[in-house]
Every structure is written in structure tokens, then in C-alpha cells.
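# Coordinate inspection notes
Residues per chain, in single letters:
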Amino acid sequence: MPGLLGKKIGMTSVFSADGKNVPCTVIEAGPCVVTQVKSVEHDGYEAVQLGFQEAKEKNTTKPMEGHFKKAGTTPKRHLAEFTDFDKELSLGDTVTVDLFADARFVDVTGTSKGHGFQGVVKRHGFGGVGQSTHGQDDRLRKPGSIGACSYPAKVFKGMRMGGQMGNARVTTHNLQILKVIPESNLLLLKGSVPGCKGSILIIKK
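Since this is a predicted model, take the numbers as computed values, not measurements. Throughout this document, residue positions are counted from 1 along each chain, in the order its sequence is written. Given that the model is predicted, a residue must reach a pLDDT of at least 70 before its local features are reported, and side-chain atom pairs must reach 80 or more before they are shown or counted; all residues, however, enter totals for whole chains, interfaces and linings. Based on all heavy atoms of the structure, the side-chain values leave hydrogens and waters out of the count.

### Structural notes on the sheet that holds strand β4 (residues 47-54)
Read across the open sheet, the 4 strands follow the order β5-β4-β3-β6; overall the sheet is antiparallel. Edge positions in the open sheet fall to β5 (76-82) and β6 (94-95), since each of these has one partner strand only. Each of β3 (32-38), β4 and β5 touches helix α2 (residues 62-71); the most contacted strand, β3, lies at about 95 degrees to it. Here, strands pair whenever DSSP counts at least two bridges between them. Counting from the N terminus, the helices are the DSSP runs of H or I reaching at least four residues and the strands are the DSSP runs of E reaching at least two. What makes two residues a contact is simply this: any of their non-hydrogen atoms within 4.5 Å. Lines are fitted to the C-alpha atoms to define the axes, a helix being fitted only along its stretch in contact, and any angle between axes, read from their N-to-C directions, falls within 0 to 180 degrees.

Here you go:
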């Protein structure tokens with residue numbers, strides 16, 4: 001699907017036409033530069049590689065410097081591939097937030113906030129043991145039984161337990177586009193998107 005790389009600015013709220021206060025996320029979408037055009041003959045599939053945000057030359061490896069020089073652009077910090085653009089793109093072309101001018105909904109992919117090691121109450125919404133008597137005064141937030149059985153004598157894969165929470169690749173589907181501001185490269189989406197402020201996002205039609 002066609003799309004862009006962007007940066008999460010933060011959240012705010014706007015008033016809709018009927019006077020409702022709608023929460024929304026502000027995203028700096030692009031501009032992105034075409035750094036590579038892949039074809040079936042050379043790469044086995046068709047795709048367009050886009051670069052986003054300027055990078056320092058001292059932080060760019062020699063192979064990547066040659067890659068960007070071939071595209072006729074400055075080094076970029078983030079790269080991603082997209083397919084099925086409406087018009088044919090060539091090296092050095094710029095793709096802006098105008099791409100979403102005729103779209104109503106988008107899918108947004110990002111890295112969720114990391115919460116470290118968490119227990120079952122916060123991670124999975126368990127209610128806890130629920131009583132503080134009969135020797136249970138120190139186990140209010142414990143998971144309880146994890147399914148003892150005679151055969152097979154093991155804990156089945158996928159059992160909900162405590163562990164690492166967040167810091168994972170997450171995609172939110174069908175977010176409504178509230179407003180496109182081309183002069184500032186901004187995109188306003190209804191609701192929230194994965195990640196913290198300043199995180200990099202992939203926005204697809």
C-alpha cells in the first residue's frame with residue numbers, strides 16, 4: 001500500500017462540525033524522498049524506498065553514502081518501502097502529506113511504549129485473588145493456578161503470566177483522517193497511535 005514515514009508530535013483535540021470535542025493525534029508526515037525504486041527484473045518485486053529526516057554524514061556508513069548519492073539526495077535517518085503508488089516515482093522525487101488528501105482512513109504502525117517487567121494485573125487485566133484471609137494476605141495480585149494437569153505435565157505455551165510489557169511493533173487499523181495541513185506537513189488522526197512523542201511511524205492508506 002502507498003504511504004509515508006512520519007513522526008508523532010503529540011495529542012490534542014479539535015471540534016467537529018456538530019460541536020463534539022474529538023481527541024486526535026498530530027503527526028508530521030513527510031516530506032519523504034525516493035531513495036530507491038525496486039523492480040521485478042532486478043529485485044524480484046516492485047517497491048519504492050522512501051527516506052525520512054536528515055542524518056549527519058559522520059553518522060552515515062560509506063555504503064549508505066553511495067546509496068543516497070545515487071539517488072541525488074542527502075543522507076536520511078529512516079528508510080521504509082511502500083508499494084502501489086498512483087503515479088510512477090523516480091529517484092530523488094519528494095512525496096508529501098498531499099498523498100492523503102483524498103483518503104479517509106489510514107493504518108499506522110509504530111513501536112509501543114515500553115513498560116518493563118509487569119505482573120498479570122497490569123499486563124493482562126487479571127482481578128487478583130480477591131481475598132485477604134486464609135493465608136492470602138500477600139498474594140492479592142498473583143496469577144493463581146497456571147493449570148496443573150497430570151499429562152502432559154507442563155505449562156502450555158501462551159499462558160498469560162508476568163513478563164515484558166510494551167516495546168513491540170503495533171499496527172492500529174482504520175484511523176480516521178480529520179485534517180490534512182500540507183503547508184506544515186501535518187496529519188490529524190482521530191484517536192491515539194502507538195508510541196511516544198517523537199517516535200517514528202509508518203502511515204499507510
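### Comments concerning the side chain of Q49
Inspection of the secondary structure assignment puts Q49 in strand β4. Counting of polar contacts relies on pairs of N or O atoms within 3.5 Å, with two restrictions inside protein: one atom must be capable of donating a hydrogen and the other of accepting it, and residues adjacent in sequence are counted only when both atoms are side-chain atoms. Polar side-chain contacts of Q49 include one of 2.7 Å to the side chain of T35. If sequence neighbours within four positions are ignored, Q49 has contacts with V33, V34, T35, Q36, H67, L79, A80 and E81.

### Brief notes about the pattern of salt bridges
For this analysis, a salt bridge means a side-chain nitrogen from Lys or Arg found within 4 Å of a carboxyl oxygen belonging to Asp or Glu. Summed over the entire model, instances satisfying the criterion amount to 5 salt bridges. For E28, the salt bridge goes to K7, with nearest N and O atoms at 3.9 Å. Of the two residues, E28 sits in strand β2 (residues 21-29) while K7 sits in strand β1 (residues 3-15), which places them 21 residues apart along the sequence. Think of it in three bands: with a 1.4 Å probe and only protein chains considered, a residue is buried below 20% of the maximum accessible area for its type, exposed above 50%, and partly exposed in between. On the basis of relative accessibility, which here comes to 26%, the residue E28 falls in the partly exposed class. Under the relative-accessibility criterion, K7 is labelled partly exposed at 24%. The shortest N-O distance in the salt bridge between K38 and E81 comes to 2.6 Å.

### A short note on the state of the cysteines
Working definition: a disulfide is two cysteine sulfur atoms within 2.5 Å of each other. As enumerated under the stated definition, the model contains 0 disulfides in all. C196 supplies the cysteine sulfur nearest to C32, a cysteine that is in no disulfide, at a spacing of 19 Å. Its relative accessible area of 0% is what places C32 among the buried residues. No disulfide involves C196; its nearest neighbouring cysteine sulfur is the one of C24, lying 18 Å away.

### Quick notes on the pairing of β1
In the sheet, β1 pairs with strand β12 (residues 200-204) via 5 bridges, with the strands oriented antiparallel. Looking at the pairing, G3 lines up with K204 of β12. Sheet analysis places β1 next to β2, joined by 9 bridges and oriented antiparallel. Bridge pairing in β2 links G6 to A29. Counting the residues between successive antiparallel strands, the hairpin from β1 to β2 contains 5 residues, one of them, G19, with a positive phi of roughly 90 degrees.

In short, the description is geometric, and any link to function would need to be established separately.
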